[in-house]
Structure formats: structure tokens, C-alpha cells
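# Secondary and tertiary structure notes
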Amino acid sequence: HWMGSMCRKNYEAIWPHTQKNCPNLIKEHDNTINEVQVKYSKTDPSKIVKHESLVGLWNDYNRLYADASFPRLIVRYED
């Protein structure tokens, strides 16, 4: 599954997790959702985008394709 893949290689996504407690969607001390930040540019720090959660990152990323105004075919290996 995609979240397991993100646990093995998180690319530029940053959220509090360890190998033992991944994907770690909820903070243990107050049961709130862990926000995810993604660096979309290695040279421009303003390109850091905040997502509500790891699930929110998946939704936001895929929504860009789902809402596109051009024809598309989406094939996901992780799914």
C-alpha cells in the first residue's frame, strides 16, 4: 500500500514517524492528526506545502489529476 511505501522511502515528505510507528497518522499525546510537509523544490524553501495529513497528501496530489481539464488515464502501481 502507498503509506507503507512512504514509510520505506518518504521522498521529500516530512511528518513525525519512526520505522516502528509508521505511518503514524495521529499524535499519541493528544490524538490530533499529524500534519505533513512536502518540499517540492530543493533550492526554493517557499515551495514547502503543508497537507492536513499523510492521507491528505495522497488526496491533494491525486486530486490535481482527477480535476484536470485534459483527458487522462491514471494507473497506480502502489494501489
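The present account deals with the structure reproduced in this document. (Residues numbered from 1 in each chain as written. Predicted model: local features only at pLDDT ≥ 70, side-chain atom pairs only at ≥ 80, totals over all residues. Heavy atoms only, no water.)

### Remarks on the state of the cysteines
So the rule is basically this: Cysteine sulfur atoms are paired as a disulfide whenever they come within 2.5 Å of each other. Secondary structure elements are taken from DSSP: a helix is a run of H or I of four residues or more, a strand is a run of E of two residues or more, and numbering for both begins at the N terminus.
As enumerated under the stated definition, the model contains one disulfide in all. Sulfur-sulfur distance for the disulfide between Cys7 and Cys22 comes to 2.0 Å. With the S-S bond torsion at -95 degrees, the cross-link from Cys7 to Cys22 turns out left-handed. Within this pair, whereas Cys7 is found in helix 1 (residues 2–8), its partner Cys22 is found in the loop between strand 1 (13–14) and strand 2 (36–39), the two being separated by 15 residues in sequence.

### Considerations on the environment of Val38
Threshold: Note on exposure labels: buried denotes an accessible area under 20% of the residue type's maximum, exposed denotes more than 50%, and partly exposed covers the range between, all computed with a 1.4 Å probe on protein chains only. Note on contacts: a residue pair qualifies if any of its non-hydrogen atoms lie within 4.5 Å across the two residues.
Assignment of secondary structure puts Val38 in strand 2. Its relative accessible area of 8% is what places Val38 among the buried residues. Distance in space between the C-alpha atoms of Val38 and Leu57 is 8.6 Å, their sequence separation being 19 residues. Once residues within four sequence positions are removed from consideration, Val38 is found in contact with Glu12, Ala13, Lys47, Ile48, Val49, His51 and Leu57.

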